[in-house]
Amino acid sequence: MKTNNAYLFILCMMLVLSCGMMVGCGSSSSADKTYTGDTVSVEIYKMSDSSSFVKSSGERCNVIVEASVAIPVKYGKNDDDVKTLNDLINRYVLDCGDSLTIKDGVAHMLNGTLHQYDFSDAPDDNEIIEGDEPTDNAVQTFTTSINIYVIYNKFNVLTLCKVEMLKKDDQVSSISHKYYNFDMKNHCFIDLNKVFNEDALSMVNNELRNELKRSNKVSNDDQLNELGYYNIDNLNVTNNFYFEDKGITWSYLPNELAVEALGEPKVTMPYEVLEPYINEKSVIKYIQY
């Protein structure tokens, strides 16, 4: 009798765990677990959308967009603080107006990505769409995955990374990383002017070039060219950077600075090197390094 009760208890526990695992399956959007950092707590919100268009060959091509987005759910002393932060994320990361809720902002981003394929005006399933369809005629499915997550959440600085990956059928075609920094103390987006004196940017550019040489163990621009860095003359600091414990890292998109084989080059500058160029209100002064 005791043995039967034990089996019954184990069976019940398995059913409870199974039910818990199935919650949220099959939905177009969902909220995942919450993560807490030094400054902001976020919830992972997932959403997907899809459509299709008819290629000039008459074949139907599927387009899928899926997103996983870190949405702030707790910050500051009241809900207005969270709303202000979400408005900034809508504007700078999701490319939509701050009048939307952030979840509506995610939907707006997905919709905009879908319509890059210019199939939205197709009146019926059998009509052939001509013009701006993708040129990969053999591809049956285009899948864009967008992952927006927290990479720095300390000292009143929040940094989000936005990764976009395009797959053609099951093969990765492209991937890119963009970074967005927010000043939680002053409720604003952090661009270069929030960090450095404007008249010092040319000197920061020189430091960046020197660091690129040091990290690649070369002594001149010609040697960098030989490694595949073809755009050295135009190397400048950009707003595509993120904060780390010991310095700031600049990231460059594929083919922006170097050949495709080098991917997305990164250059990290220690805070000690950057200190002479920061302005009086620089967010670097928040960071304890």
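Report on the accompanying structure.

### Section: the overall build of the chain
For step 1, the next point in the chain: From N to C terminus, the chain includes six helices and 10 strands.
For step 2, the next point in the chain: The buried share of the chain, taken over its 289 residues, is 41%.
For step 3, the next point in the chain: By sequence separation, contacts in the chain at least 24 residues apart represent 57% of the contacts at least 6 residues apart.
For step 4, the next point in the chain: When the accessible area of the chain is evaluated, it comes to approximately 16,200 Å², of which 49% is carbon and sulfur surface.

### Section: the side chain of threonine 143
For step 1, the next point in the chain: Following the sequence through the fold, threonine 143 ends up in strand β4 (residues 141–154).
For step 2, the next point in the chain: When its relative accessible area of 13% is taken as the criterion, threonine 143 is described as buried.
For step 3, the next point in the chain: Sequence-distant contacts of threonine 143, that is, excluding residues within four places in its chain, are made with Ile64, Glu66, Met165, Leu166 and Lys167.

### Describing the pairing of β4
For step 1, the next point in the chain: Sheet topology note: the strand β3 (residues 60–74)/β4 ladder contains eight bridges and is parallel. Paired with alanine 67 across the bridge in β4 is isoleucine 146.

### Quick word on unusual backbone geometry
For step 1, the next point in the chain: Despite not being glycine, phenylalanine 155 shows a phi value in the positive range, around 50 degrees.
For step 2, the next point in the chain: Looking at where phenylalanine 155 falls in the secondary structure, it is placed in the loop between β4 and β5 (157–168).
For step 3, the next point in the chain: Residue phenylalanine 155 is classed as partly exposed on the basis of its relative accessible area of 25%.

### Quick word on the side chain of glutamate 264
For step 1, the next point in the chain: With respect to the helices and strands, glutamate 264 occurs in the loop between β9 (247–251) and β10 (266–270).
For step 2, the next point in the chain: No salt bridge is formed by the buried glutamate 264; its nearest oppositely charged neighbour, lysine 266, is found at 7.0 Å.
For step 3, the next point in the chain: If sequence neighbours within four positions are ignored, glutamate 264 has contacts with Ile175, Ser176, His177, Ser251, Tyr252, Leu253 and Pro254.

### What to know about helix α4 (residues 201–216)
For step 1, the next point in the chain: Taking 1.5 Å per residue as the helical rise, α4 with its 16 residues ought to reach 22 Å, and the 23 Å between its terminal C-alpha atoms agrees with that figure.
For step 2, the next point in the chain: Listing the buried residues of α4 in full gives Leu201, Val204, Asn205, Glu207, Leu208, Glu211, Leu212 and Lys213.
For step 3, the next point in the chain: Looking at the buried side of α4, the elements it contacts are α5 (221–227), β9, β10 and α6 (271–274).
For step 4, the next point in the chain: Positive phi shows up at lysine 217, right after α4, with a value of about 60 degrees.

### Description of the sheet that holds β10
What holds strands together in a sheet is hydrogen bonding between their backbones, with the strands either parallel or antiparallel.
For step 1, the next point in the chain: A sheet is described by the order of its strands in space; here three strands give the open sequence β8-β9-β10, paired in antiparallel fashion. If you trace the sheet from one side to the other, it starts and ends with β8 (241–243) and β10, each paired once. Across the sheet, the mean angle from the axis of one strand to that of its neighbour is 20 degrees, orientation sign disregarded.

### A short note on the environment of asparagine 239
For step 1, the next point in the chain: Residue position: asparagine 239 is located in the loop between α5 and β8.
For step 2, the next point in the chain: Expressed as a C-alpha distance, the spacing of asparagine 239 and asparagine 193, which sit 46 residues apart in the sequence, is 9.5 Å.
For step 3, the next point in the chain: Leaving out residues up to four positions away in the same chain, asparagine 239 has contacts with Tyr179, Asp191 and Leu192.
For step 4, the next point in the chain: Side-chain polar atoms of asparagine 239 contact the backbone nitrogen of leucine 192, separated by 2.9 Å.

### Topic: the layout of surface pockets
For step 1, the next point in the chain: By volume, the largest pocket is sized at about 210 Å³.
For step 2, the next point in the chain: Together, Thr113, Gln116, Tyr117, Thr144, Glu164, Met165, Leu166, Ser174, Ile175 and Ser176 line the largest pocket.
For step 3, the next point in the chain: Listed by contribution, the elements that provide at least two residues to the lining of the largest pocket are β5 and β6 (171–183).
For step 4, the next point in the chain: A breakdown of the residues in the lining of the largest pocket according to their chemical character gives four nonpolar, five polar and one charged.
For step 5, the next point in the chain: In this structure, the second largest pocket spans a volume of roughly 180 Å³.

### Points about the packing of aromatic side chains
For step 1, the next point in the chain: Overall, the coordinates contain seven aromatic pairs when judged by the stated rule.
For step 2, the next point in the chain: Ring geometry for tyrosine 152 versus phenylalanine 243: centroids 6.5 Å apart, planes at 40 degrees, classification tilted. Taken together, the positions of tyrosine 152 in strand β4 and phenylalanine 243 in strand β8 put the pair 91 residues apart, joining distant regions of the chain.
For step 3, the next point in the chain: The class for tyrosine 152 is buried, based on a relative accessible area of 4%.
For step 4, the next point in the chain: Taking 5.8 Å as the distance between ring centres and 45 degrees as the angle between the ring planes, the aromatic pair formed by phenylalanine 241 and tryptophan 250 counts as tilted. Tryptophan 250 matches phenylalanine 241 in its accessibility class, with the two residues each being buried.
For step 5, the next point in the chain: Put simply, the rings of Tyr152, Phe196, Phe241, Phe243 and Trp250 pair up and form one aromatic cluster.

What counts and how
- Residues numbered from 1 in each chain as written.
- Predicted model: local features only at pLDDT ≥ 70, side-chain atom pairs only at ≥ 80, totals over all residues.
- Heavy atoms only, no water.
- Helix = DSSP H or I, 4+ residues; strand = E, 2+ residues; numbered from the N terminus.
- Buried < 20%, exposed > 50% of the residue type's maximum accessible area, 1.4 Å probe, protein only.
- Contact = heavy atoms within 4.5 Å.
- Areas by Shrake-Rupley, 256 points an atom, 1.4 Å probe, with all protein chains shown as cover.
- Pairing = 2+ DSSP bridges.
- Lys, Arg positive; Asp, Glu negative; His and termini not counted.
- Salt bridge = Lys/Arg side-chain N within 4 Å of Asp/Glu carboxyl O.
- Expected span 1.5 Å × (residues − 1).
- Axes fitted to C-alpha atoms, helices over the stretch in contact; angles between N-to-C directions.
- Polar contact = N/O pair within 3.5 Å; in protein donor to acceptor, adjacent residues only side chain to side chain.
- 1 Å grid on protein atoms, 1.4 Å probe; cavity = no way out; pocket = protein on both sides within 12 Å on 5 of 7 lines; lining within 4 Å.
- Points joined across faces, edges and corners; volume = space filled by probe spheres on them.
- Nonpolar A, V, L, I, M, F, W, Y, C, P; charged D, E, K, R; others polar.
- Phe/Tyr/Trp six-rings, centres within 6.5 Å; stacked < 30°, edge-to-face > 60°.

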